[in-house]
Amino acid sequence: GDQVEQSPSALSLHEGTSSALRCNFTTTTRSVQWFRQNSRGSLINLFYLASGTKENGRLKSAFDSKELYSTLHIRDAQLEDSGTYFCAAEATNTGKLTFGDGTVLTVKP
Amino acid sequence: GPKVLQIPSHQIIDMGQMVTLNCDPVSNHLYFYWYKQILGQQMEFLVNFYNGKVMEKSKLFKDQFSVERPDGSYFTLKIQPTALEDSAVYFCASSPTGGAGQDTQYFGPGTRLLVL
């Protein structure tokens, strides 16, 4: 969306390599969530951040509310990491999420 | 993790008919949401709902759309009448609290609606 600029739009990684996704926000953002959408269309919660960084296994996310951006780092990519990754920003105080356009990640052997 | 259920998973209807999409949110959650996604593209907010009332709705939430959660049962999205452009996947979400940067929204698996 206009308020959330997600990059890259597509990413291809070989197994075992690492990379990062990024979302820039154009308005004040209270929190950010990261999701992976699998081939069946289900949205899997990865992270919720109101500030700082979180890590879960090979994934790590950071949110800088002052500089208006968030990142998702994928370390040692595996085939099962393939999917579409979305960031979503909460800018208002009503819980409404504004989603980025997504990053299609393909992990190859 | 917490599970949000949606019924049905797929629905095919003729244009002009009414359709009701059902969502069973996480049991202790108080805030409920509907989002719309067309062809695996961008997810767009439709509406959020708390304490029996719509808190905020987007321009996509047309007059033909309505939401309710009677007596703590399913949280529903009703479209009456449907139009061709309503074909999409509709996702329900819920959170324990809403807004103020405090809480994670959990999403259901979606209902794939096809209007013919």
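Here, every reference points to the structure presented above.
Since we're looking at a predicted model, the values are computed, not measured. (Residues numbered from 1 in each chain as written. Chains lettered and ligands numbered in written order. Predicted model: local features only at pLDDT ≥ 70, side-chain atom pairs only at ≥ 80, totals over all residues. Heavy atoms only, no water.)

Engineer: What's the story with the overall build of chain A in this structure? I'm lost.
Structural biologist: Of the regular secondary structure elements, chain A holds zero helices and eleven strands. A compact globule built from 109 residues would reach a C-alpha radius of gyration of about 13 Å, and chain A, at 13 Å, matches this within 12%. Oriented by its inertia axes, the alpha-carbon framework of chain A measures out at about 40 × 25 × 20 Å. Going through the 109 residues of chain A one by one, you find that 44% of them count as buried. By sequence separation, contacts in chain A at least 24 residues apart represent 55% of the contacts at least 6 residues apart. (Helix = DSSP H or I, 4+ residues; strand = E, 2+ residues; numbered from the N terminus. Rg over C-alpha atoms; globule rule 2.2 N^0.38 Å. Buried < 20%, exposed > 50% of the residue type's maximum accessible area, 1.4 Å probe, protein only. Contact = heavy atoms within 4.5 Å.)

Engineer: Can you walk me through the sheet that holds strand 3 (residues 19-24) of chain B in this structure?
Structural biologist: The strands making up a sheet associate through backbone hydrogen bonding, with each pair oriented either parallel or antiparallel. All names here are of chain B. The sheet built from four strands is open, its strands ordered 1-3-8-7 with antiparallel pairing. Strand pairing shows two members of the sheet lacking a second neighbour, strand 1 (5-7) and strand 7 (65-68), which therefore form its edges. Across the sheet, the mean angle from the axis of one strand to that of its neighbour is 20°, orientation sign disregarded. Bridge analysis of strand 7 against strand 8 (residues 75-79) gives four bridges, and the strand direction is antiparallel. The residue of strand 8 that forms the bridge with F65 is I79. (Pairing = 2+ DSSP bridges. Axes fitted to C-alpha atoms, helices over the stretch in contact; angles between N-to-C directions.)

Engineer: When you look at the side chain of B:S95 in this model, what are you seeing that I'm missing?
Structural biologist: Residues and elements named next belong to chain B. In this structure, S95 sits in strand 9 (residues 88-95). Looking at S95, the relative accessible area reads 1%, which means it is buried. Engagement of the side chain of S95 in a polar contact is seen with the side chain of Y33, the distance being 3.0 Å. The contact partners of S95, leaving out residues within four places of it in the chain, are H29, L30, Y31, Y33, T104 and Q105. (Polar contact = N/O pair within 3.5 Å; in protein donor to acceptor, adjacent residues only side chain to side chain.)

Engineer: Sorry, what's going on with the interface of chain B and chain A here?
Structural biologist: Many analyses report the size of an interface as the accessible area lost when the parts associate. In this complex, chain B contributes 23 residues to the contact, which on the side of chain A involves 24 residues. Summing both partners gives a buried area of about 1,800 Å² for chain B against chain A, and 50% of it is carried by carbon and sulfur. Run the count over chain B and chain A and you get one salt bridge. Notably, a salt bridge pairs A:K96 with B:E56, separated by 4.0 Å at the nearest N-O pair. Scanning the region where chain B abuts chain A turns up eight residue pairs in polar contact (both at pLDDT 80 or more). Looking at the side of chain B that touches chain A, the elements with two or more residues in it are strand 4 (31-37), strand 5 (43-50), strand 6 (53-57) and strand 10 (106-107) of chain B. (Buried area = accessible area lost by both parts, 1.4 Å probe. Salt bridge = Lys/Arg side-chain N within 4 Å of Asp/Glu carboxyl O.)

Engineer: Would you take a moment to explain the packing of aromatic side chains for this structure?
Structural biologist: Given two aromatic rings, one states the distance between the centres and the angle between the planes to describe the pair. As enumerated under the stated definition, the model contains 14 aromatic pairs over all chains in all. With a centroid separation of 5.4 Å and 35° between ring planes, the pair formed by B:F32 and B:F75 is classed as tilted. In this pair, B:F32 sits in strand 4 while B:F75 sits in strand 8, placing the two residues 43 residues apart along the sequence. Residue classification places B:F75 among the buried positions, given a relative accessible area of 0%. Just above the ring of A:Y69 sits the side chain of A:R22; from NZ or CZ to the centre is 4.0 Å. (Phe/Tyr/Trp six-rings, centres within 6.5 Å; stacked < 30°, edge-to-face > 60°. Lys NZ or Arg CZ within 6 Å of the ring centre and 35° of its normal.)

Engineer: Explanation requested: the state of the cysteines in the structure shown.
Structural biologist: Disulfide: a covalent bond formed between the sulfur atoms of two cysteine residues. Residue and element names in this part refer to chain A. With the rule as written, the count across this model stands at two disulfides over all chains. Shown here is the disulfide that connects C23 with C87, its sulfur atoms set 1.9 Å apart. Between C23 and C87, the disulfide has an S-S torsion of -100° and is therefore left-handed. Of this pair, C23 sits in strand 3 (residues 19-25) while C87 is found in strand 9 (residues 83-90), placing the two residues 64 residues apart along the sequence. You'll find C23 and C87 in the same group, each marked buried. (Disulfide = S-S within 2.5 Å.)

Structural measurements only, silent on function.
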